[in-house]
Each structure stands twice: as C-alpha cells, then as structure tokens.
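Listed below, chain by chain, are the residues.
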Amino acid sequence: MSRRFVDLSITLCNDVVTDPPFMKPQIDYQTHTDTRPELEMFFPGVKFDEMRGGDVGFCGAEWVRLTTHSGTHVDAPWHYHPRQDAGLGNTRSAQTIDEMPLEWFFQRGVKLDFRHFADGYVATAADIEAELSRIGHTLEPLDIVVVNTAAGSAVGQPDYVSRGCGVGYEGTMYMLERGVRVTGTDAWSWDAPFIHTKQKYEATGDARLIWEGHRAGADIGYCHIEKLHNLEAIPSTGFMVSCFPHKIKAASAGWTRAVAIFDD
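Attention in this report is confined to the structure presented alongside it. (Residues numbered from 1 in each chain as written. Predicted model: local features only at pLDDT ≥ 70, side-chain atom pairs only at ≥ 80, totals over all residues. Heavy atoms only, no water.)

This paragraph deals with the side chain of Asp 219. Mapping Asp 219 onto the fold places it in the loop between helix H6 (212-215) and strand S12 (223-226). One buried charge, Asp 219, has no salt-bridge partner; the nearest side chain with opposite charge is Arg 215, at 10 Å. Side chain to side chain, Asp 219 and Tyr 169 meet in a polar contact 2.5 Å long. In contact with Asp 219, not counting residues within four places along its chain, are Asp 85, Ala 86, Gly 87, Leu 88, Tyr 169 and Met 173. (Helix = DSSP H or I, 4+ residues; strand = E, 2+ residues; numbered from the N terminus. Buried < 20%, exposed > 50% of the residue type's maximum accessible area, 1.4 Å probe, protein only. Lys, Arg positive; Asp, Glu negative; His and termini not counted. Salt bridge = Lys/Arg side-chain N within 4 Å of Asp/Glu carboxyl O. Polar contact = N/O pair within 3.5 Å; in protein donor to acceptor, adjacent residues only side chain to side chain. Contact = heavy atoms within 4.5 Å.)

Looking now at unusual backbone geometry. In this structure, Asp 85 is a non-glycine residue whose phi angle is positive, near 70 degrees. Position of Asp 85 among the secondary structure elements: in the loop between strand S5 (83-84) and strand S6 (92-93). Residue Asp 85 is classed as buried on the basis of its relative accessible area, which comes to 9%. Phi is positive for Lys 227, which is not a glycine, with a value near 65 degrees. With respect to the helices and strands, Lys 227 occurs in the loop between S12 and strand S13 (239-242). Judged by relative accessible area, Lys 227 falls into the buried class, the value being 1%.

Here we take up the pattern of salt bridges. According to the stated counting rule, one finds 12 salt bridges in the structure shown. For Arg 163, the salt bridge goes to Asp 159, with nearest N and O atoms at 3.7 Å. Taking relative accessible area as the criterion, Asp 159 reaches 31% and is therefore assigned partly exposed. Measuring nitrogen to oxygen at the nearest pair gives 3.0 Å for the salt bridge that ties Asp 206 to Arg 208.

Our next topic: helix H3 (residues 125-135). Among the residues making up H3, those that are buried are Ala 125, Asp 127, Ile 128, Glu 131, Leu 132 and Ile 135. Each buried residue of H3 lies within a common arc of 160 degrees when the element is viewed along its axis, so the set occupies one face. For H3, exposure combined with an orientation more than 90 degrees from the buried face picks out Ala 126, Ser 133 and Arg 134. Here the buried face of H3 lies against strand S7 (106-113), strand S8 (122-123), strand S10 (166-167) and helix H4 (169-176). Between a side-chain oxygen at the N-terminus of H3 and the backbone nitrogen of Ala 126 the separation is 3.3 Å; the capping residue is Thr 124. (Arc of directions from axis to C-beta.)

In this structure, the largest pocket encloses a volume near 220 Å³. As for the largest pocket, its lining consists of Ser 9, Ile 10, Thr 11, Leu 12, Leu 66, Ser 70, Gly 71, Thr 72, Trp 255, Thr 256 and Arg 257. Across the lining of the largest pocket, the residue classes tally to four nonpolar, six polar and one charged. (1 Å grid on protein atoms, 1.4 Å probe; cavity = no way out; pocket = protein on both sides within 12 Å on 5 of 7 lines; lining within 4 Å. Points joined across faces, edges and corners; volume = space filled by probe spheres on them. Nonpolar A, V, L, I, M, F, W, Y, C, P; charged D, E, K, R; others polar.)

Put into structure tokens, the structure is as follows:
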C-alpha cells in the first residue's frame, strides 16, 4: 500500500492577495551573506573560507510579520466568543489554540462541494444534508468537514476576500450536533464574505446575521480552518486530513500545513 499526500494550504508570501491590506504579511528575506554577522557573534574571528563548503556566508533566514490568521490557519473557540459550550449546558471559558485536543486535527476528511453557490450565499443545514446524501456519506464524530467554494479558484485575485459562500449558524450547528469539531473552507472566512453580509444587515437590521457561523462556537466549541487551497484536487471522501495548529500561548488561532492523506 502506498501513501499519497495532497497539499491543502496556500503559500504564505508577500504578493499573493489572500487578506485585506491591513492584514498583509511581511516577509523579509536574508541571504547567507546577510547573516555573516550572526555567526561572527557566536564565533568571533571565524574563518568563513575554512568552513565546510567554503565561504558562502552563514545561513539563509527570514524575518516574518504576521497575524495568527495569516495564511492557512486554524481558528480556536476563543476567536469567536469568550465563552463556549452553552448549548451543551456546560458554559466555560473558550479554549485558545494551545488548549485544543490534538486528536481533533488528524481525522477522516469529508469534502462538500459548494462551488455552485453564489458569492455571499449562506449554506443551511438542508444544503449540507443534501450534499452528504449526494456523496453517500453519514457524518460521524470528529469527521473533518471541508467546504469547496467559488473562492478556491480566486486565490491571488483582488476579489478573493469577497468570493465564495459561507456556512451559517444553522448549518454549522447541524455538523457540531453530530460530533464534528473541525471544519474548513477555502474562502477567507467560514462565514459569508463581509461585503455580502453587510448588505443583508443594512436591509434587515438583524445583527444576528453577522458572523453567525463563527458564533455557533459559543454553543458548541469547535475549530475551523480558513484559507484552504486545492480542494478541487480531492474527492468527497476516502482521505484523512492532518491540520495540527501551531502551539501559540493563549492565541485565537494557529497556522497549519493542512494536508489530505490517501492510502492507495
């Protein structure tokens, strides 16, 4: 039996548009020559030409300025609300990313294909149930459910942040009540893009529409992955997902290298 890996993460870089301008990452690259002073700090008077490989300087390195929500990342319940699990009758302080159970992040994967939904559409429980029926899958506890939206094909384009559908409170709760604890999307947000939600809010005055999928975490704590990529390359079922988040003390999110794993 062979094992095959499919990368589900975007490449974090300076010039790809995957965030609003104020969240743009900044990566400063250092060449081997740039870091010569660093080695000299540890080894004063070092003879670079006598090192193995000759005088090429020291090491390649980078300085990076990010938010914990840059690139493909996992959101923790603390990001959504200061409390969680009210719907389970056990309200508690919301967990931060360093407190999440590791077993959540290596589980059977399920892909829902919602590319046909218009940008700004809010997927419902009925939509999720219909797609699960189409692919012949019954949700089980700890399944990792990823949603392929129209945003997946817009990575790097100026309108990426406004592309794709979202999953609302009802749809999110449908999965959480069946034991799902990690979901994911190739869009900028698990919820519908803000530009579309803003229009609905202005028309209705109903603030419950804002971030409704995120706020489901106040009722049942869960994590979701945002800015996945390459979901078009995987089938609906038949794979595992690895998406362990970086362990950042008391943080609302952590970066991940999300991967689909197939045993062929």
